[in-house]
Amino acid sequence: MTNEKEGENIGLNSQNQELDFRQSNSKLYDEDGRPKRTGSVWTASAHIITAVIGSGVLSLAWAVAQLGWIAGPAVMLMFALVSYFMSALLADCYRSDDPLSGKRNYTYMDVVRSNLGGKKVKICGLIQYLNLFGIGIGYTIATSISMMAIHRSDCFHKNGRKNSCRTSSNSYMIMFGIIEIVLSQIPDLGQVWWLSIVAAVMSFTYSTIGLGLAIANIIANGNIRGSLTGITVGVVSQSDKIWRSFQAIGDISFSYCYSFILVEIQDTLKSPPSEAKTMKRANLISTIVTTSFYFLCGCTGYAAVGDLAPGNLLTGFAFRSPFWLLDIANIAIVIHLLGAYQVFSQPIFAFVEKKMCKFLTKEIQIPIPFRSRSYNLSLFRLIFRTSFVLVTTIISMLLPFFNDMLGILGAIGFWPLTVYFPVEMYIVQKKIPSWTTKWICLRLLSLFCLLVSVMAGVGSIVGVVLDLKVYRPFKTSY
């Protein structure tokens, strides 16, 4: 026993000595002993835009079609304002106590642990990582739909519209999974910055193409389609109108459901200025950019197609031509989702590997061609991350429901992670007394967002139940 304690003390002393050495080398390491952070407002904005402007933007025309010209834009604006306000609260929680020199919180769960503690940490972790896992599934489905759309577009161009040109989604999901297995071996989020920038450019590419096609369609039609209240009862039943409206709210909330990766993104930022100040600027930039794109794509898509807007504007063939431009847009979607999958998966990888760090000590050095550095391959990282991608791919093949999946993910993640925990942490951090005006307003905002999330969840679950009535596992075609 004595020898074991001595061994532990020696190991602890060596760790402390290494930390002291790193802290003394401020040019190479930050005050916490980790390698010097190099992120800026632009890299943070790229990470956020990559996460936010995802496949959800393509469902917004459908969402506006369910809600109409009044409620559709109003709901989008509401979620934008709520998301920005809550992200500002969350940015101040990155460091405990002092905003400049306080202890860093590396993950969303660390922030909750520092401010709330107890069972709320476990609840937060369960919801956060379940949502991140679900987003991996949603992005796999969305990528396969875009790949199939490219196939069908080219097939129609060669064989004409009379040919059904149907194809299975399974092979495309498997292709996506193989690529993600390779990309998942990138060690951490800080080293994915280049992928985020490429993905952000791609998101602007396909969003701009969708916007351009919508505007061209409006000009060709000579009028603006749609109605104040959305798709009318008669085209769909009264109950379907209600469930579709709830699901549309869920789809829009999914488009703004990204706060649970903000802390990890903030942990990549250099200082000075303070990480909170930089992050708030990045949040403002990304919210303005993404909301502008959401309004343009959602509203112009609805104006071009009307109440019968498809669930995915670029793959539902709302626009028939030019086929090559649709192919470029769908290729851009695929490239974007390859990066977005990593941005959302890296927090899960970091959490599991931190818990299992004793298995990560042995690494194999693999030389990188044309570079002096080598890649350190961890066997645990290889096995775990590969297994993660395999599981998300298999579940995607089992449940390939794009719009319903977006609605469920939005309902699960928006209220607890974007609203509830930031509000609770802000109240604790600022020591806001109960039943004051500020306390009541924050609580009412949280309650309102909870009701919205419940409605969205119910609508999306009903959609899944209806889809399952005509669904056969692993037999989905498009």
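Below you will find a few notes about this structure. Nothing here was measured: the structure is a model prediction, and the numbers come from that model. (Residues numbered from 1 in each chain as written. Predicted model: local features only at pLDDT ≥ 70, side-chain atom pairs only at ≥ 80, totals over all residues. Heavy atoms only, no water.)

### Some points on the nonpolar core
And then number 1: Counting residues in each nonpolar core, the largest one holds 113 residues, and the members touching the most others are Tyr 108 and Phe 260.
And then number 2: With 16 residues, helix α3 (residues 60–91) is the largest single contributor of residues to this core.
And then number 3: For Phe 260, the contacting residues outside a window of four places in its chain are Tyr 108, Gln 128, Asn 131, Leu 132, Ile 135, Phe 344 and Leu 417. (Core = buried A, V, L, I, M, F, W, Y, C linked by side-chain atoms within 4.5 Å. Buried < 20%, exposed > 50% of the residue type's maximum accessible area, 1.4 Å probe, protein only. Helix = DSSP H or I, 4+ residues; strand = E, 2+ residues; numbered from the N terminus. Contact = heavy atoms within 4.5 Å.)

### Thoughts on the packing of α3 against helix α8 (residues 238–255)
And then number 1: Their axes nearest at 9 Å, the elements α3 and α8 cross at an angle of 50 degrees. When the interaxial angle is binned, α3 and α8 end up oblique. As α3 packs across α8, the resulting crossing turns out to be right-handed. On α8, the residues that touch Leu 60, Trp 62, Ala 63, Gln 66, Leu 67, Gly 72, Val 75, Met 76 and Phe 79 of α3 are Lys 241, Arg 244, Ser 245, Gln 247, Ala 248, Ile 249, Asp 251, Ile 252, Ser 253 and Ser 255.
And then number 2: Residues of the contact of α3 with α8, tallied by class, amount to 10 nonpolar, six polar and three charged. (Axes fitted to C-alpha atoms, helices over the stretch in contact; angles between N-to-C directions. Parallel < 35°, antiparallel > 145°, perpendicular 65-115°, else oblique. Left-handed = near helix turned anticlockwise from the far one by under 90°. Nonpolar A, V, L, I, M, F, W, Y, C, P; charged D, E, K, R; others polar.)

### Description of a nonpolar patch on the surface
And then number 1: Nonpolar side chains collect at one region of the surface, where Trp 435, Ile 440, Leu 444, Leu 447 and Leu 451 lie side by side and expose about 550 Å² of accessible area between them.
And then number 2: Within the secondary structure, Ile 440 is located in helix α14 (residues 437–468).
And then number 3: Since its relative accessible area comes to 32%, Ile 440 is described here as partly exposed. (Patch = residues over 30% accessible without salt bridge, like charges linked within 9 Å, V, L, I, M, F, W, Y side chains within 5 Å. Areas by Shrake-Rupley, 256 points an atom, 1.4 Å probe, with all protein chains shown as cover. Salt bridge = Lys/Arg side-chain N within 4 Å of Asp/Glu carboxyl O.)

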